[in-house]
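# Working through the structure, step by step
Residue strings, one per chain:
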Amino acid sequence: MDFKLTPEQEALKKELDDFLREEMKNAPPGWEAGMEAMFSDEGWPFHRYMARRLSEKGWLVRPWPREYGGVDAPMIEQVIFSEVMGYHRAPGRDIFGIGMIGPTLLVAGNEEQKKEHLPPIARAERFWCQGWSEPNAGSDLASLTTRAVRDGDDYIINGQKTWTSGAHFADWSFILARTNPEEKRSRGISFFLVDMKSPGVTVRPLLGMNGTHLFNEVYYDDVRVPARNRVGEENEGWAITRATMNFERSSIETVGVVKRELEELAAFCKETKWNGKTLSQNPFVRHRLAQLAIEIDVGRALAYRTAWLQEKGGLLLSADAASAAKVYGTELAQRLAYTGYQIMGLYGQVKMGSKWAPLHGSYESSSQLCMGMNLAGGSSEVQRNMIAWFGLGLPRTI
Amino acid sequence: MDLGFTEEQEMLRTTARDFLEKECPKSLVKEMAEDEKGYTPELWRKMAELGWMGLAFPEEYGGMGMSFIDLAVLLEEMGRACLPGPFFSTVVLCGFTILEAGNEEQKREFLPKIANGDLILALALTEPSARYDPASIQIKAVPKGDDYLISGTKLFVENAHIADYIICVTRTKNGASPEEGITIFLVDGGSAGISTTLLKTIAGDKQCEVIFDNVRVPKKNMLGELNKGWGVVEKLLEKATAALCAQMVGGAQAALDMSIAYAKERVQFGRPIGSFQAIQHYCANMVTDVDGSKYVTYEAAWKVSNGLPATMEVSMAKAWVSEAYRRVTLLGHQIHGSIGFCMDHDMPLYFKRAKAAEPTFGDADWHREVVAKQLGL
Ligand SMILES: Cc1cc2nc3c(=O)[nH]c(=O)nc-3n(C[C@H](O)[C@H](O)[C@H](O)COP(=O)(O)OP(=O)(O)OC[C@H]3O[C@@H](n4cnc5c(N)ncnc54)[C@H](O)[C@@H]3O)c2cc1C
């Protein structure tokens, strides 16, 4: 057993760390990690800027093969990268492009699709969104009803997607649509790449509970998609979704973000006095912060273990560990948000922008946003089902 | 022992629920969260006509002479409806202060006007230290002729921006102990030298920063005795905390009701999500939290209502309900999935109110400390 990084890995980590420390000075005031910041009017240009900078440095798609702009970086390096990115709350990595559709195309795309789509992602020129969920197909994604009907060299797509994060900025989306309505559930679904500028695509904003515009409804009305934009065989799209969801799923980035937040919270507690004593002298506060530090260490271990298992056993074999890391990470972020909120006392309520909002009002917003993270990318309940069914072999209920 | 409500109380609850469902729909609640004033005079007037503002004031001061428990029932329904506006600050925070500390003349002048809905009041208690202990009262009131001059900053003062009067808790002397030297004044909201800034907060309630710059208050506007104000504040906080718990309980019940309804109606995998044991257990945990919250609150309210010592019970209630309401809204959100994460949905209203109520009048840690002291620790 060896918990140490190699000198090369340490060097890589430091280089990235130094780079991000410098670059993050350009962040808009009150910048937070996470989708809500990236998909805001002020955040989007910064997200794109950072993507370009990372691409120039050769860091954006390191795990990809060399011919598509990567360096075949091993899993451990991806984890290091994500951890440092999380710690600096750095945007720039398009989770849908680099995190999902890129790896999917590498596994399931044809040569033409790879050539068309991978280089623009690697150069930070093309950004993506994920059009999977529908109003009546959330956890039960396989019940989706968006239709794709073959018409000559095209498919014609009709239906509604929802909760599509970043659709208001994305250039392309990858969506699931039913090509065979006779077939039930996961059979009869195909996987498509859709240019968001196609006629018939309408994006309508949905505001999140704290008022941020992060996700959208996306309507597809007679949208023509060339058949060459179907990934994999017709009616066989479901199997591809599993590849999409199973690439680097250590959730280490969340742990990195939380670690940074704890450091800032601890600094705040050291500075803030009440009745002549700093908050950090208060035993309640001390124990809560210490507990979070412990939980972060556990989270980090779970994340590294997931990556290690992924490297050894492949993506599908480590799916339960990935689910565990995801649930743990998002719930840890939630506990941190709640603890921070409580430590702020009455000030926790004040929104960003007021001189009375400590740490830019970050706990007012994070205590709300963390609710969404327990749902995005598969709810905590569904993840726990996965752990029970695939990890523990307990009988399936559905 | 009787853990039930009287017929009159049940009737009050039904009337209040029906009225608020009709007059205070969630669309209005959301609108008021964005609105600068935060209430509508029409609804305020209608509530006054129902006698709600004076519900718990004695009849001789224009009230209905009902009990604190009766008021708790009403507050529960207000919590359920997420009623925006200055009811709590006017009636509970200020009305009770006047009733407790005011002299006959003050009571005769102000309470009937509050009961009629003619006055809006705000309590300026907390300061930038944001605590509820006597040491935190630093804002100065200095005598000058027939007046006092108040200077300093109050923070988290709900509805100060619309208040006809602000009840300000001041320091008039640095005594041997922090409790000594605190004096309460009833300040005309329009006095020169008061400036208010509205804070934007999670629940969209209207909390303000209030700066007093040599604000002149006539001596006759002192509420209670010079330098002896803390006893009044302590008593008030006990009542206000119990009242807030009642409101929170109503909100928690509503969040539970909504979640159960949704669990029955939302279908995934060909069946209602409420058929999944994970969701059933969430609901079971929620109802246990809500019922626990109710009865710990009712016990506290009953003690307050009957003039019994209630410090321990009130603190137990606030410590428990602060955390239970948070747990309930959290599970409620989980049950609702992404639809509940949307601003237009009603779930976030409860989540945000739970968050706002958590630190108000002391968070769970603060009240556990009170309980520990009461246990002789
Ligand atoms: C911030 C955010 C961003 C998102 N971004 C995207 C995006 O970009 N693209 C996209 O396609 N989707 C996106 N989503 C949608 C997300 O993937 C879905 O919301 C999620 O899969 C849950 O679906 P639902 O909201 O319909 O809830 P439902 O599936 O209706 O679930 C409701 C509740 O029932 C529970 N439940 C359901 N089935 C079971 C079961 N079998 N056992 C136990 N419990 C169960 C759920 O866990 C949940 O608690 C996003 C969501 C959020 C919050």
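Please read these numbers as outputs of a predicted model, since none were measured by experiment. (Residues numbered from 1 in each chain as written. Chains lettered and ligands numbered in written order. Predicted model: local features only at pLDDT ≥ 70, side-chain atom pairs only at ≥ 80, totals over all residues. Heavy atoms only, no water.)

## Description of the site of the ligand
In the vicinity of the ligand, 30 residues are found, and the nearest of them are A:Ser139, A:Ser379, B:Arg266, B:Gln334 and B:Ser338. At the ligand, the nearby residues belong to more than one chain, namely chains A and B. Take A:Ser139: an N or O atom from its side chain is 2.6 Å from an oxygen atom of the ligand. For the ligand, an oxygen atom lies 2.5 Å from a polar atom in the side chain of B:Ser338. Considered on its own, the ligand offers 960 Å² of accessible surface; in the complex 96% of this is hidden by protein. Residue assignment for the shell around the ligand shows that the elements contributing at least two residues are β3 (154-165), β7 (213-226) and α12 (380-391) of chain A together with α9 (311-336) of chain B. The element contributing the most residues to the shell around the ligand is β3(A), with 3 residues. (Near = heavy atom within 4 Å. Polar contact = N/O pair within 3.5 Å; in protein donor to acceptor, adjacent residues only side chain to side chain. Areas by Shrake-Rupley, 256 points an atom, 1.4 Å probe, with all protein chains shown as cover. Helix = DSSP H or I, 4+ residues; strand = E, 2+ residues; numbered from the N terminus.)

## Focus: the packing of aromatic side chains
All names here are of chain A. Scanning the entire structure with this criterion turns up 27 aromatic pairs over all chains. Seen from their ring centres, Phe-46 and Tyr-49 are 6.3 Å apart, and the 20° between their planes marks the pair as stacked. Here the residue Phe-46 and the residue Tyr-49 both occupy positions in helix α3 (residues 43-56), the gap between them amounting to 3 residues, near one helical turn. Note on Tyr-49: relative accessible area 26%, which makes it partly exposed. With centroids separated by 5.3 Å and ring planes inclined at 50°, the aromatic side chains of Trp-163 and Phe-215 adopt a geometry described as tilted. One end of the pair, Trp-163, is in strand β3; the other, Phe-215, is in strand β7, and 52 residues separate them in sequence. Neither residue differs from the other here; Trp-163 and Phe-215 are each classed as buried. Three or more aromatic residues joined by ring pairs form one cluster here, namely Trp-128, Trp-132, Trp-172, Phe-174 and Phe-191. (Phe/Tyr/Trp six-rings, centres within 6.5 Å; stacked < 30°, edge-to-face > 60°. Buried < 20%, exposed > 50% of the residue type's maximum accessible area, 1.4 Å probe, protein only.)

## Some remarks on the domain arrangement of chain A
Residue and element names in this part refer to chain A. In terms of domains, chain A is made up of domain 1 (7-93), domain 2 (129-235) and domain 3 (249-391). A separation of 32 Å is found between the C-alpha centroids of domain 2 and domain 3. Between domain 2 and domain 3, the residue contacts involve 4 residues of the former and 6 residues of the latter. Between domain 2 and domain 3 the total buried area reaches about 440 Å² when both faces are included, carbon and sulfur atoms providing 63% of it. Ranking the residues of domain 2 by area buried against domain 3 places Ser-139, Met-209 and Asn-210 at the top, with a combined share of 85%. Counting the contacts that link domain 2 with domain 3 gives 0 salt bridges. At the surface where domain 2 touches domain 3, the tally comes to 1 residue pair in polar contact (both at pLDDT 80 or more). Looking at the side of domain 2 that touches domain 3, its residues break down into 1 nonpolar, 3 polar and no charged. (Domains from an automatic or database assignment. Contact = heavy atoms within 4.5 Å. Buried area = accessible area lost by both parts, 1.4 Å probe. Salt bridge = Lys/Arg side-chain N within 4 Å of Asp/Glu carboxyl O. Nonpolar A, V, L, I, M, F, W, Y, C, P; charged D, E, K, R; others polar.)

## Overview of the interface of chain A and chain B
Taken together, the contact pairs 45 residues of chain A with 49 residues of chain B. Buried area between chain A and chain B, summed over both chains or domains, comes out near 4200 Å², and the portion from carbon and sulfur atoms is 62%. The largest contributions to the chain A side of the interface with chain B come from A:Met209, A:Leu346 and A:Gln349, which together make up 18% of the buried area. For the interface between chain A and chain B, the tally reads 2 salt bridges. The partner of A:Lys355 in a salt bridge is B:Glu209, and the shortest N-O contact between them spans 3.1 Å. Applying the counting rule to chain A against chain B returns 20 residue pairs in polar contact (both at pLDDT 80 or more). At the level of elements, β7, α9 (283-313), α10 (319-343), α11 (362-373) and α12 of chain A are the ones that each hand at least two residues to the side of chain A that touches chain B. Broken down by class, the residue content of the side of chain A that touches chain B amounts to 20 nonpolar, 18 polar and 7 charged.

## What about the nonpolar core?
General note: in soluble globular proteins, nonpolar side chains tend to be found buried as a group. Residue and element names in this part refer to chain B. Of all hydrophobic cores here, the largest spans 205 residues; its most connected members are Met-47, Trp-52, Leu-71 and Phe-87. Among the elements that take part in this core, helix α7 (residues 229-265) stands out by supplying 19 residues, more than any other. Judged by nonpolar contacts, the second largest core, of 20 residues, contains Ile-150, Ile-166, Cys-168 and Val-215. (Core = buried A, V, L, I, M, F, W, Y, C linked by side-chain atoms within 4.5 Å.)

## A look at the pairing of strand β1 (residues 128-131) of chain A
Residue and element names in this part refer to chain A. Burial along β1 is two-sided: Trp-128 and Gln-130 facing one way and Cys-129 and Gly-131 facing the other are all buried. With 4 bridges joining them, β1 and strand β4 (residues 172-178) adopt parallel strand pairing. Within β4, the residue paired with Cys-129 across the bridge is Ser-173. (Pairing = 2+ DSSP bridges.)

## A short note on the packing of helix α8 (residues 252-271) of chain A against α9(A)
Residue and element names in this part refer to chain A. Relative orientation of the contacting elements α8 and α9 amounts to 160°, with a least axis distance of 9 Å. The orientation of α8 with respect to α9, classified from their angle, is roughly antiparallel. The chirality of how α8 crosses α9 is left-handed. Contact with α8, carried on its side by Ile-252, Val-255, Val-258, Lys-259, Leu-262, Leu-265, Ala-266 and Cys-269, involves Val-285, Leu-289, Leu-292, Ala-293, Ile-296, Gly-299, Arg-300, Ala-303 and Tyr-304 of α9 and no other residues of that element. Considered class by class, the residues forming the contact of α8 with α9 number 14 nonpolar, 1 polar and 2 charged. (Axes fitted to C-alpha atoms, helices over the stretch in contact; angles between N-to-C directions. Parallel < 35°, antiparallel > 145°, perpendicular 65-115°, else oblique. Left-handed = near helix turned anticlockwise from the far one by under 90°.)

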